[in-house]
Amino acid sequence: ADVIADFSASIEVSRHLGRNVDAKARRVAAFLNPRGSDLVVIAEDSTREYPLDCLEMQYYREVLANPDLELHLQPPEGRIRFSRSCRDVSSRIPSDQVAMHAAIGSRALRKALSDAAPRVDIWIGSDDLSSKHVNIQPSPIMQWTVGDFQVITDRGFVDQIREFRRNKLPSETGGVLLGCWDLIRKLIYVVHSIASPADSTEHKTLYIRGSAGLKDAVDSAAAKTAFMLRYVGEWHSHPDGLGSEPSPDDMTLWQWLDEKTRQDGFPSLMLIMGEGGMTWCVGSSIKTVLDISN
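Residues numbered from 1 in each chain as written. Predicted model: local features only at pLDDT ≥ 70, side-chain atom pairs only at ≥ 80, totals over all residues. Heavy atoms only, no water.

Bringing the sheet that holds strand β2 (residues 26–32) into the picture now. Reading across from one edge, β1-β2-β3-β6-β7 is the order of the five strands in this open sheet, with mixed pairing throughout. Two strands close off the open sheet at either side, each with one partner strand: β1 (3–6) and β7 (131–136). Between one strand axis and the next, the sheet turns through 15° on average, direction left out of account. Two strands pair when backbone bridges link them, and strand β3 (residues 38–43) and strand β6 (residues 119–125) are joined in this way by six bridges, in the antiparallel orientation. By the bridge assignment, Leu39 is partnered in β6 with Trp123. Along the sheet face, helix α1 (residues 11–20) touches β1 and β2 and points at about 170° away from the line of β1. (Pairing = 2+ DSSP bridges. Helix = DSSP H or I, 4+ residues; strand = E, 2+ residues; numbered from the N terminus. Axes fitted to C-alpha atoms, helices over the stretch in contact; angles between N-to-C directions. Contact = heavy atoms within 4.5 Å.)

In structure tokens, the structure reads:
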């Protein structure tokens, strides 16, 4: 096949098609949001350098950042449970909405497949059957093998962390990482960071993350993304000239994190951002990336 099209609106189906099906075919996905008001179309590039699951993560980040998508993934009232598994919940959607989005989606798929580049598009519907188009410019994918896991992120996230670090120099700073785990496939998606809380301690050779407003911010991000993006770990910066390798204090923190996160079945995740490189700490493994300029 040249193209594999996913209309299932199922995360597991999308993951399976993107990660477990051995084919060169380009993947595309189209689905409605839970209320049926908005349409999402995600298309890989023709060479599959932007896999479907990675583009999905950037879509969730747009949901967090764009005020027009504040209620995009919120569940509708009057939902119907038709079976006993946790995702077997459906809802009624007016047929005129479905017809409108079917027409838009048909044209959008043809347009996406006529171009070799990746695409992520959202059409936000209104009661008068008009729609507002949101196009997300996909950010280049970045991924590294760290121990048994594959850490997957993108240039947009790395630039965000570098900007947080740059704004606080010569002091250290940090925050929490938002993303999601795929323990079956040993994947860690790191998508977004919440900036250092106001009560944090930030000095030239010391960072102690505070907690003011942090729980509410993490809970809000989870709710806006239908609990796809959650807390996955911690990050902090090192000042210029010190690299990104973990210090003895960092190792102590990492071990403490591992004890806590493994209680929930996840290995620990910590990112250290330095002047020209970064270090990922996952479980009991460390990966230092020396050049992140490209």
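Now that the structure has been shown, we can carry on.
By the definition in use, this model includes six aromatic pairs. Relative to Trp181, the ring of Phe149 has its centre 5.8 Å away and its plane inclined at 80°; by these criteria the two rings are edge-to-face. Taken together, the residues Phe149 in strand β9 (residues 149–154) and Trp181 in strand β10 (residues 174–182) connect sequence positions 32 residues apart. Accessibility assignment for this pair places Phe149 and Trp181 in one class, buried. Aromatic rings pair up to connect Phe31, Tyr59 and Tyr60 into one cluster. (Phe/Tyr/Trp six-rings, centres within 6.5 Å; stacked < 30°, edge-to-face > 60°. Buried < 20%, exposed > 50% of the residue type's maximum accessible area, 1.4 Å probe, protein only.)

Attention now goes to the confidence of the model for the protein. Across the protein, pLDDT averages 92, with 98% of residues at or above 70. When mean pLDDT is compared element by element in the protein, β3 scores highest at 97, while strand β4 (residues 80–81) scores lowest at 76. (pLDDT = per-residue confidence, 0-100.)

This part covers empty space enclosed by the protein. Within the structure shown, the criterion is met by one cavity of 30 Å³ or more. The volume enclosed by the largest cavity comes to roughly 50 Å³. Cys54, Met57, Gln58, Ile141, Ile152, Thr153, Asp154, Tyr189, Val190 and Val191 together form the lining of the largest cavity. Counting residues per element, the ones that place at least two in the lining of the largest cavity are α2 (52–65), β9 and β11 (187–194). Here the residues of the lining of the largest cavity are counted per class, giving seven nonpolar, two polar and one charged. (1 Å grid on protein atoms, 1.4 Å probe; cavity = no way out; pocket = protein on both sides within 12 Å on 5 of 7 lines; lining within 4 Å. Points joined across faces, edges and corners; volume = space filled by probe spheres on them. Nonpolar A, V, L, I, M, F, W, Y, C, P; charged D, E, K, R; others polar.)

A few words on the layout of surface pockets. As a volume, the second largest pocket reaches approximately 470 Å³. Contributing to the lining of the second largest pocket are 18 residues, with Tyr207, Ile208, His236, Asp250 and Leu253 lying nearest its centre. Of all the secondary structure elements, the ones that give two or more residues to the lining of the second largest pocket are β13 (206–208), β14 (230–237) and α6 (248–261). Along the lines of polarity and charge, the residues of the lining of the second largest pocket split into nine nonpolar, four polar and five charged.

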